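Examination of the molecular architecture
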Amino acid sequence: MKKIETICKTFLWTGGTYASKRALLSWDKVCPPKTAGGFHVLDIQIWNKAAICKLLWNLCRKKDKLWVRWIHLYYGKKQEVWDIKPRNASWIVQKIIKAKRYIEVVGVSMKEVAEWNYFSIKKCYNGMRGQLLTRSRLHAWGVAEEVNCPLCNEVEETIDHLLFKCRIAGGIWNKLLQWHGITRTSMEGQREIQWAEGKATGNNAHAQVYRLTLACAMYHIWNERNIRVFQEQQKTVEVIVSQIVQEITIRGSKNIKTEKRIAEIDYYM
Ligand SMILES: [Zn+2]
């Protein structure tokens, strides 16, 4: 997932494989569907949740702090501190204790948290934010009811499914591979990226155009997903592929070598 995000970021910020100083789109504008869906869950709010989680961790660990001692003394006599229900407590104490649901939703138990020697707000934030919010992740947050992939509507949506395993995404990849003259069908995400790392490294035009294709395709598939979810419109595989090719052509034309390579593969199509 990290790799996918890095590739997408490189693509969006530099136009692919060559260094351009201009950011074309802010990653945050592309990445979170939250704002588009009217959820208005800003990253800063997730950060805030992560910070509250740290307070909760403090509550479990830092018994030398005055406010922590006070809460333990006051509420936590018979039970674990995260299990107390401080109905009469101030809202901030309630908020801190309720933060355990943020932790549990990302699959971490409070027992584990209580054993950690340190707590990184950043790691917690990343865990809560995820790289891209797919429907199954949103589902875990209690936001979306629909968990099926918006492209094929057949399988639960995960990033790996959406970008690679999905029948529709697979159709897009296969056409693009064909365009590159590569005679194999698309693979699942991890392997697709490994393949690109192995075969499409370096600064030769072949590799650059291949990497550009990978980034561009992931971006357009993600975009299509958002259009389907939030605007209830959809494009066919053919239209998406032609848009991807068009974009690769425009971006590739900034460099003579890649421009030549694209003209070459265009000839075969
Ligand atoms: Zn699908």
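Okay, so let's go over this structure. (Residues numbered from 1 in each chain as written. Predicted model: local features only at pLDDT ≥ 70, side-chain atom pairs only at ≥ 80, totals over all residues.)

**Brief notes about helix α14 (residues 205-231)**
- Here α14 is 27 residues long and its end C-alpha atoms lie 37 Å apart, about the 39 Å a rise of 1.5 Å per residue gives.
- Trailing α14 by a residue or two, Glu232 shows a phi angle of about 55°, which is positive. (Helix = DSSP H or I, 4+ residues; strand = E, 2+ residues; numbered from the N terminus. Expected span 1.5 Å × (residues − 1).)

**Here we look at the environment of Val209**
- Positionally, Val209 belongs in helix α14.
- Given 29 C-beta atoms within 10 Å, Val209 falls into the buried group.
- C-alpha of Val209 to C-alpha of Lys257: the two residues are 48 residues apart in sequence and 9.6 Å apart in space.
- Once residues within four sequence positions are removed from consideration, Val209 is found in contact with Ile248, Gly252, Thr258, Arg261 and Ile262. (Buried ≥ 20, exposed ≤ 12 C-beta atoms within 10 Å, placed from the backbone. Contact = placed C-beta atoms within 7 Å.)

**Here's the deal with the nonpolar core**
- Ranked by size, the top nonpolar core spans 28 residues in total, and within it Leu162, Ala169, Ile172, Ala217, Ile221 and Ile244 carry the most contacts.
- Of all the secondary-structure elements, those providing two or more residues to this core are α11 (159-165), α12 (167-179), α14 and α15 (237-252).
- Ranked by residues supplied to this core, first place goes to α14 with 10 residues. (Core = buried A, V, L, I, M, F, W, Y, C linked by C-beta atoms within 7 Å.)

**Some points on the packing of α12 against α15**
- Their axes nearest at 10 Å, the elements α12 and α15 cross at an angle of 45°. It follows that α12 is oblique to α15 by the angle criterion. Considering the relative orientation of α12 and α15, their crossing is right-handed. Between α12, through Ile168, Gly171, Ile172, Lys175, Leu176 and Trp179, and α15, the contact on the second element is made entirely by Val237, Ile240, Val241, Ile244 and Val245.
- Residue composition of the contact of α12 with α15, by class: 9 nonpolar, 1 polar and 1 charged. (Axes fitted to C-alpha atoms, helices over the stretch in contact; angles between N-to-C directions. Parallel < 35°, antiparallel > 145°, perpendicular 65-115°, else oblique. Left-handed = near helix turned anticlockwise from the far one by under 90°. Nonpolar A, V, L, I, M, F, W, Y, C, P; charged D, E, K, R; others polar.)

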